[in-house]
Amino acid sequence: QVQLVESGGGLVQAGGSLRLSCAASGRIFSRNTMGWYRHPPGKQRELVSTITSGDATNYADSVKGRFTISRDNAKNTVYLQMNSLKSEDTAVYYCNLRYWLGSLWYDYWGQGTQVTVSS
């Protein structure tokens, strides 16, 4: 059993910054991928960024150059630094943890945190 607790969401003016945090507890396998997804109102859920336990990262094209993902393996915590925020970044942001055992994968999700960017 793994639990993910997110924090850092809120209301921010366009052009501002926020930093999201997600702390994982429970049995955390050494090899895993953590990431952030978001669900804007009226739109499909989309991947924002992921980072592996080996610190390999990827980003959605819409956030490249503005967002930075990082992790602290000792604390089992992943962060998302969001700069130059735009109104289209408004969404519920969800933290994700995924790991593999052979050909099977296991997925865990946080409760979501609201990010609202005002123009």
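Source: prediction; values computed, not measured.

## Comments concerning the environment of Ala-91
- Take Ala-91: it is sitting in strand 9 (residues 91-101).
- Overall, the relative accessible area of 1% leaves Ala-91 in the buried class.
- Sequence separation between Ala-91 and Arg-45 is 46 residues; the distance between their C-alpha atoms is 9.3 Å.
- Filtering out sequence-adjacent residues up to four positions away, Ala-91 remains in contact with Arg-38, His-39, Pro-40, Thr-113, Gln-114 and Val-115.

## Details of the packing of aromatic side chains
- Counted according to the given criterion, the structure contains four aromatic pairs.
- When the ring of Tyr-37 is compared with that of Trp-109, the centres are 5.1 Å apart and the planes differ by 65°; the resulting orientation is edge-to-face. Note that Tyr-37 is positioned in strand 4 (residues 33-39) and Trp-109 in strand 10 (residues 104-109), a separation of 72 residues in sequence.
- Classification of Tyr-37 as buried rests on a relative accessible area of 15%.
- According to the relative accessible area criterion, Trp-109 is partly exposed, its value standing at 32%.
- Ring geometry for Tyr-99 versus Tyr-108: centroids 6.2 Å apart, planes at 15°, classification stacked. Here the two residues Tyr-99 and Tyr-108 agree in accessibility, since each one is buried.
- What links up through ring pairs into an aromatic cluster is the set Phe-29, Tyr-99, Tyr-106 and Tyr-108.
- Over the face of the ring belonging to Phe-29 we find Arg-27, whose NZ or CZ atom lies 5.4 Å from the ring centre.
- When the ring centre of Trp-105 is taken as reference, the NZ or CZ atom of Arg-98 above it lies at 4.4 Å.

## A word on the sheet that holds strand 8 (residues 77-82)
- Spatially, the four strands line up as an open sheet ordered 1-3-8-7, and their pairing is antiparallel. This sheet does not close on itself; its edge strands, each paired only once, are strand 1 (2-7) and strand 7 (67-72). Here the average twist between neighbouring strands, direction ignored, is 15°.
- Judged from the six bridges that link them, strand 1 and strand 3 (residues 18-26) form a sheet pairing that is antiparallel. Each bridged residue has a counterpart across the sheet, and for Glu-6 the counterpart in strand 3 is Cys-22.

## Notes on the pattern of salt bridges
- Following the criterion strictly, the structure yields five salt bridges and no others.
- Between Asp-89 and Arg-38 there is a salt bridge, and its shortest N-O distance comes to 3.0 Å. Residue Asp-89 is located in the loop between strand 8 and strand 9, and its partner Arg-38 is located in strand 4; the two are separated by 51 residues in the primary sequence.
- Judged by its relative accessible area of 3%, Arg-38 falls in the buried class.
- Linking Asp-107 and Arg-98 is a salt bridge whose minimum nitrogen-to-oxygen distance equals 3.0 Å.
- On the accessibility criterion, Arg-98 (25% relative accessible area) is partly exposed.

Rules of the game
- Residues numbered from 1 in each chain as written.
- Predicted model: local features only at pLDDT ≥ 70, side-chain atom pairs only at ≥ 80, totals over all residues.
- Heavy atoms only, no water.
- Helix = DSSP H or I, 4+ residues; strand = E, 2+ residues; numbered from the N terminus.
- Buried < 20%, exposed > 50% of the residue type's maximum accessible area, 1.4 Å probe, protein only.
- Contact = heavy atoms within 4.5 Å.
- Phe/Tyr/Trp six-rings, centres within 6.5 Å; stacked < 30°, edge-to-face > 60°.
- Lys NZ or Arg CZ within 6 Å of the ring centre and 35° of its normal.
- Pairing = 2+ DSSP bridges.
- Axes fitted to C-alpha atoms, helices over the stretch in contact; angles between N-to-C directions.
- Salt bridge = Lys/Arg side-chain N within 4 Å of Asp/Glu carboxyl O.

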